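# A look at the structure
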Amino acid sequence: MIALTRDVIDYHRLTEDVRSNNAGAVVLFLGTVREMTAGRQTLALDYEAFEEMAIAKMQELEDEARSKWPVENVGIIHRLGHLGLGEISVAVAVSSPHRAAAFEAGRYLIDRLKVIVPVWKKENWSDGSTEWVHPDGTPMTTAPA
């Protein structure tokens, strides 16, 4: 399952969706909105995406993971819109016959997602300022189009 959503991510459902009788391992990664970033207090994040390309890139990541590890099922959901502290912004779930492959594939998926999937976030700081940031953490000079 590959998806973008403006709704709360149901990670219980995602976990159940990737479970399989052929898999002895399920790994779930949840990215959440944290309060402190590089010594600055975050109040909220806003996420935007080039949705068609983001879905295509997420599917590409799933295909890559399947070519590298014996993955049974993959689920990747990224949330868009305004998120408060503690809310889940991204979930990656992987099932595989063995735990090592599930962990490796899950880490690969989230690490690559941050680099190649066109989703951007706007930090809303406690001092009232905002800053658009590419998912890899690099500040952007202009807002996404």
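Residues numbered from 1 in each chain as written. Predicted model: local features only at pLDDT ≥ 70, side-chain atom pairs only at ≥ 80, totals over all residues. Heavy atoms only, no water.

## Describing the environment of Lys121
Tracing the backbone shows Lys121 in strand E8 (residues 119-125). Residue classification places Lys121 among the buried positions, given a relative accessible area of 12%. Taking the C-alpha atoms as reference points, Lys121 and Met1, separated by 120 residues in sequence, lie 22 Å from one another. Dropping the residues within four chain positions of it, Lys121 is found in contact with Leu45, Asp46, Tyr47, Glu131, Trp132 and Val133. (Helix = DSSP H or I, 4+ residues; strand = E, 2+ residues; numbered from the N terminus. Buried < 20%, exposed > 50% of the residue type's maximum accessible area, 1.4 Å probe, protein only. Contact = heavy atoms within 4.5 Å.)

## A short note on the side chain of Ser96
Checked against the element boundaries, Ser96 lands in strand E7 (residues 88-96). A distance of 2.8 Å separates a polar atom in the side chain of Ser96 from the backbone oxygen of Pro70. Dropping the residues within four chain positions of it, Ser96 is found in contact with Ala23, Gly24, Ala25, Pro70, Val71, Glu72, Ala101 and Ala102. (Polar contact = N/O pair within 3.5 Å; in protein donor to acceptor, adjacent residues only side chain to side chain.)

## Description of the side chain of Arg79
Structurally, Arg79 is set in strand E5 (residues 73-79). According to the relative accessible area criterion, Arg79 is buried, its value standing at 8%. Here the side chain of Arg79 touches Asp7 through a polar contact of 3.2 Å, landing on its backbone oxygen. Excluding residues that lie within four positions of it along the chain, Arg79 makes contacts with Thr5, Arg6, Asp7, Val8, Ile9, Tyr47, Glu87, Ile88 and Ser89.

## Notes on the nonpolar core
Core analysis: the largest hydrophobic core is formed by 26 residues, its most contacted members being Met58, Trp69, Ile76, Leu109, Leu113 and Val117. Only strand E1 (2-5), strand E4 (40-49), helix H2 (51-68), E5, E7 and helix H3 (99-116) provide two or more residues apiece to this core. By residue number, the principal contributor to this core is H3, which donates six residues. Apart from the residues within four sequence positions on either side, Ile76 is in contact with Met1, Ile2, Ala3, Met58, Ala91, Val92, Leu109 and Leu113. Ile9, Ile77, Ala91 and Ala93 belong to the second-largest nonpolar core, a separate cluster that totals eight residues. (Core = buried A, V, L, I, M, F, W, Y, C linked by side-chain atoms within 4.5 Å.)

## Comments concerning helix H1 (residues 11-18)
Those residues of H1 lying buried are Leu14, Thr15 and Val18. Looking down the long axis of H1, one finds its buried residues gathered within 100° of arc, a one-sided arrangement. Relative to its buried face, H1 has exposed residues pointing more than 90 degrees away, namely His12 and Arg13. Tucked inside the fold, the buried residues of H1 contact strand E2 (25-32), E5 and E7. (Arc of directions from axis to C-beta.)

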